[in-house]
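One letter stands for each residue in the lines below.
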Amino acid sequence: MTGKKQVDLLLTHGQVLTMDEQRRIFADGAVAIQGRDIVAVGRTDDVLARYGAAEIWDLKGALVRPGFVDAHLNVTFQLLRGVLPDFWSEDTAWRELWSPFWQTVTPEEEYRAALLSFMEMVRNGATSFVGGATVFDLSSIFKAANQVGVRGLLGEFLWDLEEQPLRLRRTAGECLARIEAQLDEHPVFGPDERVGVCVMVLGMNTASDELLVGAKRLADAYGVMMNFHQSY
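To start, this report covers the structure provided alongside it. (Residues numbered from 1 in each chain as written. Predicted model: local features only at pLDDT ≥ 70, side-chain atom pairs only at ≥ 80, totals over all residues. Heavy atoms only, no water.)

## Observations concerning the nonpolar core
- Counting 39 residues, the largest nonpolar core has F118, I179, V199 and L211 as its most contacted members.
- When contributions to this core are tallied by element, the ones reaching two or more residues are α3 (107–123), β7 (126–130), α4 (138–148), β8 (151–154), α5 (172–185), β9 (195–197), β10 (199–203) and α6 (209–222).
- Not counting residues within four places of it along the chain, the set of residues in contact with F118 comprises L73, V75, F129, I141, A144, A145, V148 and V150.
- Within the second largest apolar cluster, 13 residues are counted, among which are F157, W159, L168 and L202. (Core = buried A, V, L, I, M, F, W, Y, C linked by side-chain atoms within 4.5 Å. Buried < 20%, exposed > 50% of the residue type's maximum accessible area, 1.4 Å probe, protein only. Helix = DSSP H or I, 4+ residues; strand = E, 2+ residues; numbered from the N terminus. Contact = heavy atoms within 4.5 Å.)

Below, the structure written as structure tokens:
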């Protein structure tokens, strides 16, 4: 092992799909991992010549690839899987399911729903997500995301147009104040933060022009992404 750099984990003898600029594929590839960083990718013989580790996995030809990205994940809605009948109209679903759920869901329920969401994501090969602005208690979702180790963007449920459930009723000014508070209270998503907030509102037909324009200004001011549902 003399002269070799020691890392935490070596994945060897996998089919490594890199998705780098050259789109390289190593039929017998290896990955060296130190802490949270991938420090080397290449042919197994080349990587083993440069790196050693106490923990080495022989993948026996299994595929190694970057994680998928779930670009629209409603983490809290895992609690309602299988509940919504196919024959219900949107109005019925709103009245009988969504509105009562949004009025009553608790931080503990959101935490457990998020934990299930993130575990299923990882089990199916997705490692990153966009949270969909459909959570009420960001701290609960951060807790679940950090436990599982996924990477993603989060934002609270914000909506300023009329006829929303009582729990969602905010003015545009109140929504913007809440967005700014999120950006100050929680980590902002970026290269050094695996899970973080950005600017999120629920989306079109739920947000006034005042809210959308104000949200964009906050996104520009903080240098973060703005996300919302299109054609909601």
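## Topic: the packing of α3 against α4
- Put simply, α3 and α4 touch, their axes get as near as 8 Å, and they point 30 degrees apart. Between α3 and α4, the interaxial angle falls into the category roughly parallel. The interaxial crossing formed by α3 with α4 has right-handed handedness. Residues P107, E110, Y111, A114, L115, F118, M119 and V122 of α3 form the contact with α4, whose own contacting residues are S140, I141, K143, A144, A145, Q147 and V148.
- Tallied by class, residues from the contact of α3 with α4 come to 11 nonpolar, two polar and two charged. (Axes fitted to C-alpha atoms, helices over the stretch in contact; angles between N-to-C directions. Parallel < 35°, antiparallel > 145°, perpendicular 65-115°, else oblique. Left-handed = near helix turned anticlockwise from the far one by under 90°. Nonpolar A, V, L, I, M, F, W, Y, C, P; charged D, E, K, R; others polar.)

## Here we look at the pairing of strand β3 (residues 37–43)
- As paired elements, strand β2 (residues 25–34) and β3 share six bridges and run antiparallel to each other. Bridged to A32 within β3 is A40.
- Hairpin connection of β2 to β3: two residues between the antiparallel strands, including G35 at a positive phi of 60 degrees. (Pairing = 2+ DSSP bridges.)

## Section: the packing of aromatic side chains
- This structure, assessed with the given rule, holds 10 aromatic pairs.
- Ring centres of W94 and W159 lie 5.5 Å apart, and the angle between their planes is 70 degrees; on these two criteria the pair is classed as edge-to-face. Residue W94 is found in helix α2 (residues 90–104), and its partner W159 is found in the loop between β8 and α5; the two are separated by 65 residues along the sequence.
- Residue W94 is classed as partly exposed on the basis of its relative accessible area, which comes to 25%.
- Given a relative accessible area of 6%, W159 falls into the buried group.
- Grouping aromatic residues by their ring pairs yields a cluster made of F77, W94, W98, F101, W102, F136, F157 and W159.
- Stacked on the ring of F68, the Lys or Arg R65 has its end atom at 3.8 Å from the ring centre. (Phe/Tyr/Trp six-rings, centres within 6.5 Å; stacked < 30°, edge-to-face > 60°. Lys NZ or Arg CZ within 6 Å of the ring centre and 35° of its normal.)

## Here we look at the environment of S231
- Relative to the helices and strands, S231 resides in the segment after β11 (226–229).
- Taking the relative accessible area as the measure of exposure, S231 reaches 62% and is therefore exposed.
- Sequence-wise, S231 and L10 are 221 residues apart; in three dimensions their C-alpha atoms are separated by 46 Å.

## A few points about the pattern of salt bridges
- Counted under the stated rule, the structure contains eight salt bridges.
- The salt bridge involving D20 is made with R24; its shortest N-O contact spans 2.6 Å.
- According to the relative accessible area criterion, R24 is partly exposed, its value standing at 37%.
- For the salt bridge of R95 with E96, the shortest nitrogen-to-oxygen distance reads 3.3 Å.
- When its relative accessible area of 44% is taken as the criterion, E96 is described as partly exposed.
- When salt bridges that share partners are traced, they join E156, R178 and E185 into one network. (Salt bridge = Lys/Arg side-chain N within 4 Å of Asp/Glu carboxyl O.)

## What to know about the environment of G67
- Along the chain, G67 turns up in the loop between β5 (63–64) and β6 (68–70).
- A sequence separation of 83 residues divides G67 from V150, and the C-alpha atoms of the two residues are 9.8 Å apart.
- Once residues within four sequence positions are removed from consideration, G67 is found in contact with G125 and T127.

## Here we look at the layout of surface pockets
- There is about 440 Å³ of room inside the largest pocket.
- What lines the largest pocket is a set of 16 residues, and nearest its centre among them are L11, V31, I38, V64 and R65.
- Secondary structure elements with two or more residues in the lining of the largest pocket: β1 (5–17), β2, β3 and β5.
- Of all the elements, β1 adds the most residues to the lining of the largest pocket, at four residues.
- For the lining of the largest pocket, the class distribution of residues is 14 nonpolar, one polar and one charged. (1 Å grid on protein atoms, 1.4 Å probe; cavity = no way out; pocket = protein on both sides within 12 Å on 5 of 7 lines; lining within 4 Å. Points joined across faces, edges and corners; volume = space filled by probe spheres on them.)

Treat this as a map of the structure, not an account of what it does.
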